[in-house]
Structures are given as structure tokens and as C-alpha cells.
Amino acid sequence: MKQRTAYIRSVGRFLPERKLTNSDLEKMVETSDDWIVTRTGIRERRILEPGLGCSHMAVPAAIECLERAGVSPEEVDLIIVGTVTPDMLFPSTACLVQDKIGAKNAWGFDLSAGCSGFLFSLSTASQLIESGKVNRALVIGSDVISTIIDYTDRSTCVIFGDGAGAVLLEACDEPGFGLLDFMLKIDGGGGEYLCVRGGGSRIPPSHESIDNREHYVTQDGRQVFKASVSGMSDVSVRILEKNGLTGKDITLFVPHQANKRIIDATAERAHIEEEKIVVNIDKYGNTVAASIPLALYEALVERDYDLKKGDYLLMSAFGAGFTWGSALMRWWGC
Ligand code: ACO
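Residues numbered from 1 in each chain as written. Predicted model: local features only at pLDDT ≥ 70, side-chain atom pairs only at ≥ 80, totals over all residues. Heavy atoms only, no water.

1. Let's talk about the pairing of strand β13 (residues 323-330)
Then, in step 1: Counting buried positions along β13 yields 7 of 8 residues, so the element is predominantly enclosed.
Then, in step 2: Pairing between strand β8 (residues 178-186) and β13: 8 bridges, direction antiparallel. Note on β13: the bridge partner recorded for Gly-178 is Arg-330.
Then, in step 3: Alignment of strand β12 (residues 312-319) against β13, held across 8 bridges, turns out to be antiparallel. If you follow Ser-316 over to β13, its bridge partner there is Ser-326.
Then, in step 4: A loop of 3 residues connects β12 with β13, the two strands running antiparallel in sequence, and Gly-321 in this loop sits at a positive phi of about 145 degrees. (Buried < 20%, exposed > 50% of the residue type's maximum accessible area, 1.4 Å probe, protein only. Helix = DSSP H or I, 4+ residues; strand = E, 2+ residues; numbered from the N terminus. Pairing = 2+ DSSP bridges.)

Put into C-alpha cells, the structure is as follows:
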């Protein structure tokens with residue numbers, strides 16, 4: 001059994017004020033509230049005002065997280081920001097956050113894994129804590145996905161919303177608690193089904209790339225849907241089996257909020273009862289890397305979900321890449 005693990009000490013979030021409802025979208029593209037709710041479970045999403053970047057949301061989420069824990073920014077050793085919509089190509093958003101919150105003693109970086117960005121970041125930070133190199137890490141998921149969405153394309157624009165969530169990870173030295181295990185996977189063969197072709201080094205921004213709408217997200221929804229269900233259920237079931245657990249042992253399941261039908265199919269295959277699943281997709285849509293920490297925040301803070309010491313928390317995600325994974329945590333009420 002590991003002698004030192006990482007546990008979640010606190011959570012924080014930022015959600016833009018502006019709401020984009022299904023009825024707003026009915027006026028923008030050929031769609032209907034009924035289609036969106038039935039096919040995805042989404043009713044509204046939040047949109048950040050233009051001109052404000054990823055760090056504009058990551059910073060208040062990080063500050064709230066630290067304030068809840070009573071930890072000062074100087075005490076943070078590491079900042080990882082999961083995002084596919086950084087403020088700029090470089091410097092990293094982690095550097096911007098470090099500067100804006102005054103985390104004078106931290107190092108950090110951005111991590112790009114689409115909608116799995118938070119889980120990949122959480123797992124990476126936990127390994128640095130386990131190794132003893134880091135004692136305290138801010139793990140943030142923040143995406144202004146609205147900046148790369150084509151609001152004339154009904155197959156993508158109804159799904160996504162903006163937001164940021166943060167957790168403070170700290171060392172837990174009571175064996176058998178904290179982040180017990182994670183399973184992460186990538187399959188670049190799925191890349192073409194969900195991507196932004198332009199704006200990188202292969203197709204740098206140009207008048208032509210803009211005219212071709214290559215700076216926007218394109219996806220084959222059906223392929224992504226199928227891969228999400230099989231990927232998320234596979235890693236959810238396998239991490240439970242590997243740790244000698246079943247879905248019945250899980251107290252709280254926090255899945256990536258991509259589509260209510262994907263969440264339901266994953267939970268069904270992992271035998272997790274409905275009342276244990278955190279679902280907030282109706283209010284925020286798919287917020288990419290922010291989705292899991294926003295759902296965790298909602299469970300712990302807004303719904304006052306009482307996770308007791310020893311309870312099992314399961315998280316799983318799927319995203320562009322393809323990337324996917326699960327993480328299993330045993331709650332440590334220190
Ligand atoms: N309003 C009305 N009709 C629509 C809309 C819309 N917004 N979008 C598509 N349609 C139409 C299609 O054109 C199609 O019409 P046709 O049968 O005449 O060709 C019909 O609805 C069915 O289209 P499908 O793509 O088969 O619909 P599906 O049930 O698969 O739902 C959706 C589409 C919601 C995109 C679904 O496939 C999905 O959620 N996929 C996962 C996508 C995703 O989550 N991507 C985000 C990143 S990865 C992740 O987070 C998991």
C-alpha cells in the first residue's frame with residue numbers, strides 16, 4: 001500500500017454570468033429545445049464575454065479554492081492547467097495564473113488532453129505529490145471553448161459552454177486514502193473525429209484558414225459518441241475491478257459532462273445507481289476540461305454532498321485525441 005498519496009482538500013470555480021439558452025440557439029441555427037434536451041440533456045450554457053481569456057476564469061477558481069482551504073498562494077508548489085483554449089500559445093496559462101494569484105513558489109504547466117484535461121492533470125499532479133517532490137498542487141480545468149465554436153454549425157454549437165474549476169491537492173500520509181489509482185488512455189487514431197485543424201503550426205492562421213472556418217471545432221458526433229461510451233465505461237469498470245470494487249461500493253460518481261446519454265450508458269455498464277451520479281450538464285453543457293471539477297464543486301459545495309472519510313469517489317472522462325481515463329479516490333476527511 002502506498003505510504004503517501006494525494007487528496008482533494010478543497011474546490012473552487014468560476015462561471016461566466018451570461019447564459020446561452022436553447023431558445024437563444026433556436027434563433028441562431030435550425031434546432032429546437034426539444035431536440036437538444038432529448039439528444040444531450042443540455043438546457044443552457046455559460047459564455048464568457050469576448051476579450052477575456054482562459055486565465056480570467058482560472059484565477060478566481062484558484063483563489064476560491066485556496067480561500068476555502070485557508071492556504072496562501074505562497075504555499076502552492078505546483079499549478080497545472082488543463083485546457084485546449086489557453087489565453088495565448090505561450091506563455092502558458094499556468095504562468096499567467098501563477099503571476100496573477102501571487103504563487104511565488106510554484107512551478108507549473110498547461111496540459112492539453114481535451115475533455116480529459118482535468119483527469120490527466122490530476123493524475124500527473126498526484127504522482128509528483130507521491131514522489132515527495134511536491135506537497136501542494138493547484139489543479140485547474142479552464143476552457144473558453146466558445147472562442148473556437150462555429151455558431152452557424154448546429155452539430156457543435158449546442159453542446160459546449162465556458163467555465164473553470166479548480167481543486168487543491170495535498171499530500172495524504174494515511175495509507176489507503178486519497179487518490180488510489182488512475183487509468184489513462186490515448187488513441188490518436190480518433191483525432192480526425194474531433195479537432196480544430198487550423199491555428200497550429202501545420203495550418204497557421206491566415207485569411208484562407210479563416211475563410212475555410214478551420215479555426216473552429218469540427219466533429220463527427222456519432223463516432224465521438226460511440227467511442228465515448230465504450231472508452232468511459234471500459235476504464236470505469238476496469239479500475240473498479242482492479243481495486244476489488246464494484247459500482248455498488250462507489251459513493252459518488254463524477255463523470256465528464258458531455259452528453260446525458262453518455263453518462264447514463266457509462267453508469268449503467270459500471271452498475272452505479274442514479275442517485276450517486278453528479279449531473280449538471282443541463283445548466284452548463286460540455287465545459288471541456290472544467291467539466292469534472294465543476295461537477296465536483298456542485299456536489300460538495302452547492303448540494304452539500306457529505307463525503308465521509310473512507311467513501312469512494314470515481315471520476316471518468318473522454319475527450320478529443322482521443323483521450324480518456326478514470327480516477328479512483330478514497331475520501332480522506334483529515
Ligand atoms: N438540432 C437539430 N438537429 C440536429 C442537430 C441540432 N442541434 N444536430 C444534428 N442534428 C440532426 C443531424 O443533422 C441528423 O439529421 P439527419 O438524420 O437528417 O442526417 C440528426 O439530427 C441526427 O444526428 P446525429 O449526429 O446522429 O445525432 P446524435 O443522436 O448522434 O446526436 C450529438 C448528436 C449530440 C452531437 C451526439 O452524437 C453527441 O453527443 N456526440 C458526442 C459529441 C461530444 O460530446 N463531443 C464533445 C467532445 S468529446 C466529449 O466530450 C465526449
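2. Some remarks on the domain arrangement of the protein
Then, in step 1: Annotation of the protein at the domain level lists domain 1 (5-176) and domain 2 (179-330).
Then, in step 2: Using only C-alpha atoms to locate each centre, domain 1 and domain 2 end up separated by 13 Å.
Then, in step 3: On the side of domain 2, 49 residues touch domain 1, which itself brings 57 residues to the contact.
Then, in step 4: Both faces considered, domain 1 and domain 2 share a buried interface measuring about 4,100 Å² in area, 64% of it formed by carbon and sulfur atoms.
Then, in step 5: Summed over the three residues of domain 1 that lose the most area to domain 2, namely Arg-13, Cys-115 and Leu-119, the buried surface amounts to 16% of that side.
Then, in step 6: Run the count over domain 1 and domain 2 and you get 3 salt bridges. (Domains from an automatic or database assignment. Contact = heavy atoms within 4.5 Å. Buried area = accessible area lost by both parts, 1.4 Å probe. Salt bridge = Lys/Arg side-chain N within 4 Å of Asp/Glu carboxyl O.)

3. Section: the nonpolar core
Then, in step 1: Membership of the largest hydrophobic core comes to 43 residues, with the highest contact counts inside it found for Ile-145, Leu-240, Ile-250, Phe-253, Ile-272, Leu-314 and Leu-328.
Then, in step 2: For this core, the secondary-structure elements that each account for two or more residues are α8 (221-242), β11 (250-255), α9 (260-269), β12 and β13.
Then, in step 3: Of all the elements, α8 adds the most residues to this core, at 7 residues.
Then, in step 4: Looking at this core, you find at least three residues from each of domain 1 (5-176) and domain 2 (179-330).
Then, in step 5: When sequence neighbours within four positions are dropped, the list of residues in contact with Phe-253 reads Ser-236, Thr-266, Ala-267, Ile-272, Lys-276, Ile-277, Val-278, Leu-314 and Ser-316.
Then, in step 6: In terms of nonpolar packing, the next biggest core, distinct from the first, is built from 36 residues, Leu-111, Leu-252, Leu-296 and Trp-331 among them. (Core = buried A, V, L, I, M, F, W, Y, C linked by side-chain atoms within 4.5 Å.)

4. Remarks on the site of the ligand
Then, in step 1: Residues in contact with the ligand amount to 24 residues; listed here are only the nearest, Thr-31, Arg-39, Arg-222, His-256 and Asn-259.
Then, in step 2: Between the ligand and Gln-219 there is a distance of 2.9 Å, counted from a nitrogen atom to a side-chain nitrogen or oxygen.
Then, in step 3: Compared with its free state, where it exposes 1,000 Å², the ligand has 76% of that area covered by protein.
Then, in step 4: Breaking the shell around the ligand down by element, the ones donating at least two residues are α2 (33-40), α6 (154-157) and α8. (Near = heavy atom within 4 Å. Polar contact = N/O pair within 3.5 Å; in protein donor to acceptor, adjacent residues only side chain to side chain. Areas by Shrake-Rupley, 256 points an atom, 1.4 Å probe, with all protein chains shown as cover.)

5. Overview of the packing of helix α3 (residues 54-69) against helix α4 (residues 93-101)
Then, in step 1: Put simply, α3 and α4 touch, their axes get as near as 9 Å, and they point 50 degrees apart. Taken together, the axes of α3 and α4 lie oblique to each other. Crossing geometry of α3 relative to α4 is assigned as right-handed. For the pair α3 and α4, contact is made by Cys-54, Ser-55, Ala-58, Val-59, Ala-62, Ile-63 and Leu-66 and by Thr-93, Leu-96, Val-97, Lys-100 and Ile-101, respectively.
Then, in step 2: Among the residues forming the contact of α3 with α4, the class breakdown is 9 nonpolar, 2 polar and 1 charged. (Axes fitted to C-alpha atoms, helices over the stretch in contact; angles between N-to-C directions. Parallel < 35°, antiparallel > 145°, perpendicular 65-115°, else oblique. Left-handed = near helix turned anticlockwise from the far one by under 90°. Nonpolar A, V, L, I, M, F, W, Y, C, P; charged D, E, K, R; others polar.)

6. Comments concerning the environment of Asn-243
Then, in step 1: Here Asn-243 is to be found in the loop between α8 and β11.
Then, in step 2: According to the relative accessible area criterion, Asn-243 is partly exposed, its value standing at 29%.
Then, in step 3: Counting along the chain gives 22 residues from Asn-243 to Ala-265, while the straight-line C-alpha distance between them is 22 Å.
Then, in step 4: When sequence neighbours within four positions are dropped, the list of residues in contact with Asn-243 reads Asp-181 and Leu-328.

7. Things to note about the environment of Ile-272
Then, in step 1: Following the sequence through the fold, Ile-272 ends up in the loop between α9 and α10 (281-284).
Then, in step 2: On the basis of relative accessible area, Ile-272 is assigned to the buried category, the value being 6%.
Then, in step 3: Through-space distance from the C-alpha of Ile-272 to that of Lys-248 is 6.1 Å; in sequence the pair is 24 residues apart.

8. Some points on unusual backbone geometry
Then, in step 1: Residue Pro-91 is reached from Phe-90 by a cis peptide bond, and omega for that bond is 5 degrees.
Then, in step 2: Summarising the element assignment, Pro-91 is placed in the loop between β4 (78-82) and α4.
Then, in step 3: The phi dihedral of Arg-213 is positive, around 60 degrees, even though this residue is not glycine.
Then, in step 4: Along the chain, Arg-213 falls in the loop between α7 (207-211) and β10 (218-219).
Then, in step 5: Here the phi dihedral of His-271 falls at roughly 55 degrees; this positive angle occurs in a residue that is not glycine.
Then, in step 6: In this fold, His-271 is placed in the loop between α9 and α10.
Then, in step 7: Exposure remark for His-271: the relative accessible area of 57% places this residue in the exposed category.

9. With respect to the pattern of salt bridges
Then, in step 1: Overall, the coordinates contain 15 salt bridges when judged by the stated rule.
Then, in step 2: Across the pair Glu-302 and Arg-13 runs a salt bridge, and its minimum N-O distance is 2.9 Å. Placement of the pair is Glu-302 in helix α11 (residues 291-302) and Arg-13 in strand β1 (residues 5-14), with a sequence separation of 289 residues.
Then, in step 3: Residue Arg-13 is classed as buried on the basis of its relative accessible area, which comes to 18%.
Then, in step 4: A salt bridge links Glu-74 to Lys-104; the shortest N-O distance between them is 3.9 Å.

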